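In case you want the letters, here they are:
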Amino acid sequence: MDDKRQQLAAIVGQDGVSDATDALENYATDLSCVPRLPPRYIARPKNAVQVQALVGWANGAAVPLIPVSSGPPHSNGDTVPSVAEAVIVDLRLMQAILKIDRRNKIVVIEPGVTYAELEPALAEQGLRIPRPLLPRSNKSVIASLLERQPTTIPRLNYSLPEPLRVCGVVWGTGDVSFTGEAGMGPLSLEAQWNAGLAQVNQQGPFSTDLMRLLTGAQGTMGIVIWASIKCQLLPAVRKHFVVSAPRIEDLVEFCRKVERLKLGDEALILNNVRLGAAMNRPPGEFPNWSALLGASGAALYPQEKLDLQENELRAVAAEFGLTLDLAEPRVAALLDACAQPAPQYGVFFLSTLDAVPGFIAIMLGVARELGYEADRIGVYIQPQHQGVSQHVEFSIPYDAADGKDAAAAKTLFLAASEKLVAQGAYFSRPCGPWPDLASSR
């Protein structure tokens, strides 16, 4: 048996190490355009002690580690090795919901916990967390938040990593520490809970803010072994609305005011291609552009709160010559659904709302120049940080069985990325081919 495999087995057990060809192939490539390269081993730790031992071993053996906590398919290239002999640290066996604290509206979970597992458990306690749009059912909640995947309720997005609060982490040195307020207590969650700490405040320890080293780092700084996440009360009543328009420009000022007034809950914009793909229906069944809005009421006077928000939303829509319509049930259900991604390249970045129409024009212009059908491109605009910034995402679908179509989509992905960066698109989560583009600007 290979020495390294024996050493890994001594840490995570024989059943926790794999070098089976099919298992390695699952991590050799993904839906992105990064070069194919299989890892050497897959290690599956079951607890934080084993994670710390793996990091210590990797330092001594000079072996690169790639932490992964979500199930396939992966899409951004950040789980594919960039150097040979890498070891995948598959954290999916660490899937405990450690504590649900309803009083402080906090849940503490391990990295293998998915949205499909967490949301029903929270609902039993009358809680929910802000979620991204259509996460896949096996998507790790912690991985999503560490990578700042946008959530759909901008008024609750007090900072880009929100609702992520406090983390326990094994740093690249092998040292363990807790971030935020937990960093000023004992390195034991149970001891902190017994002392009345709730892992709510993400700032700290002391004058530092160690969590900011972890978010967006794609696992390069360390491996998170648990995290606390801020929850909200589960709504007693909810409604979902659609405001449609033929042009994106017709929705900009309306959305800007909705975000400034912090009206409602969910707020996002989809073009008919992205909405049709999500609904598995032809784009022609939908208006060119749709703003999806949610409103709800919880705890005290929920119906009165909902009615007030609906009236305000209708008034703002009328101010800009738009109509607030009730969303059909299948459209409303998208905001609570999971989905598996189809083969596509995704271009996503941050911008301000006034610049969004210009970036859409650039993207569609590059597509036309390259002969890619522009009406295949999906657009998703998600307000973040209480509307201060916008997550802008273009979906470039392709037929995986058609090599020519896949090559055309890849060419568009690379060309559009360069053009958008040159025009000021901020690639805050650079992965795949983007690190050089982002750092060059």
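Everything here concerns the structure above.
Here is what the cut-offs are and how they apply
Residues numbered from 1 in each chain as written. Predicted model: local features only at pLDDT ≥ 70, side-chain atom pairs only at ≥ 80, totals over all residues. Heavy atoms only, no water. Helix = DSSP H or I, 4+ residues; strand = E, 2+ residues; numbered from the N terminus. Rg over C-alpha atoms; globule rule 2.2 N^0.38 Å. Buried < 20%, exposed > 50% of the residue type's maximum accessible area, 1.4 Å probe, protein only. Contact = heavy atoms within 4.5 Å. Expected span 1.5 Å × (residues − 1). Arc of directions from axis to C-beta. Polar contact = N/O pair within 3.5 Å; in protein donor to acceptor, adjacent residues only side chain to side chain. Core = buried A, V, L, I, M, F, W, Y, C linked by side-chain atoms within 4.5 Å. Pairing = 2+ DSSP bridges. Axes fitted to C-alpha atoms, helices over the stretch in contact; angles between N-to-C directions. Phe/Tyr/Trp six-rings, centres within 6.5 Å; stacked < 30°, edge-to-face > 60°. Parallel < 35°, antiparallel > 145°, perpendicular 65-115°, else oblique. Left-handed = near helix turned anticlockwise from the far one by under 90°.

*Asks:* Could you give me a rundown of the overall build of the chain, with the residues and numbers involved?
*Replies:* Assigned secondary structure in the chain consists of 14 helices and 18 strands. Taking 22 Å as the expected radius of gyration for a compact globule of 441 residues, we find that the chain reaches 22 Å, a close match to that expectation. By its C-alpha atoms, the chain is 70 × 55 × 35 Å across when sized along the principal axes. By residue count, 54% of the 441 residues in the chain fall in the buried class. In the chain, the share of contacts with a sequence separation of at least 24, taken over all contacts with a separation of at least 6, comes to 70%.

*Asks:* Describe helix H13 (residues 403-422), listing the residues and the values that go with them.
*Replies:* Its 20 residues place the ends of H13 29 Å apart at the C-alpha level, agreeing with the 28 Å of an ideal helix rising 1.5 Å per residue. Where H13 is concerned, the buried positions are Asp405, Ala406, Ala409, Leu412, Phe413, Ala416, Ser417, Leu420 and Val421. In a view along the axis of H13, the buried residues occupy a sector of 145°, so they form one face of it. Turned more than 90 degrees off the buried face of H13, the exposed positions are Gly403 and Lys404. Close packing links the buried residues of H13 with strand E16 (344-351), helix H12 (356-370), strand E18 (389-397) and helix H14 (434-440). The N-capping residue of H13, defined by a side-chain oxygen 3.1 Å from the backbone nitrogen of Lys404, is Asp402. Where H13 terminates, the next one or two residues include Gly424, which has phi positive at roughly 105°.

*Asks:* Would you mind going over the nonpolar core in detail, with residue names and values included?
*Replies:* Core analysis: the biggest nonpolar cluster contains 58 residues, and Phe394 and Leu420 have the highest contact counts within it. The biggest single contributor to this core is H12, with eight residues. Leave out the neighbours within four places in its chain, and Phe394 touches Tyr345, Gly346, Val347, Phe349, Phe359, Ile360, Met363, Ile377, Gly378, Val379 and Leu420. Residues Trp57, Val63, Val87 and Val89 belong to the second largest nonpolar core, which totals 28 residues.

*Asks:* Requested: an account of the pairing of strand E4 (residues 87-90), with residues and values cited.
*Replies:* Because side chains alternate across E4, one face comprises the buried residues Val87 and Val89, and the other comprises Ile88 and Asp90, equally buried. Relative to E4, strand E2 (residues 41-43) runs parallel, the two sharing three bridges. Across the sheet, the residue bridging to Tyr41 is Val87, located in E4. With four bridges joining them, strand E3 (residues 65-68) and E4 adopt parallel strand pairing. Among the inter-strand pairings, Ile66 is bridged to a residue of E4, identified as Ile88.

*Asks:* Summarise the sheet that holds strand E8 (residues 164-171); cite the residues concerned and give the values.
*Replies:* Spatially, five strands are ordered E5-E6-E10-E8-E9 in an open sheet, and the strand pairing comes out antiparallel. Only two strands of the sheet have a single partner each, and these edge strands are strand E5 (97-101) and strand E9 (176-178). Averaged over all pairs of adjacent strands, the angle between strand axes in this sheet comes to 15°, irrespective of strand direction. The pairing of E5 with strand E6 (residues 106-109) spans four bridges and is classified as antiparallel.

*Asks:* How would you explain the packing of aromatic side chains if you had to name every residue and give the values?
*Replies:* Scanning the model with the defined rule gives nine aromatic pairs in all. Judged by centre distance (4.9 Å) and plane angle (85°), the rings of Phe178 and Trp226 are edge-to-face. Highlighted residues: Phe178 in strand E9 and Trp226 in strand E10 (residues 222-230), separated in sequence by 48 residues. The burial state of Phe178 is the same as that of Trp226; both residues are buried.

*Asks:* Which residues make up helix H8 (residues 249-261), and what values go with them?
*Replies:* Buried within H8 are the following residues: Leu251, Val252, Phe254, Cys255, Val258 and Glu259. One or two steps after H8, the chain reaches Lys262, where phi turns positive at roughly 55°.

*Asks:* Give me the packing of helix H1 (residues 3-12) against helix H3 (residues 48-61): which residues, what numbers.
*Replies:* At a closest axis distance of 9 Å, the pairing of H1 and H3 adopts a crossing angle of 155°. For the element pair H1 / H3, the angle class is roughly antiparallel. Between H1 and H3 the crossing geometry is right-handed. Residues Lys4, Gln7, Leu8, Ile11 and Val12 of H1 form the contact with H3, whose participating residues are Gln50, Ala53, Leu54 and Trp57.

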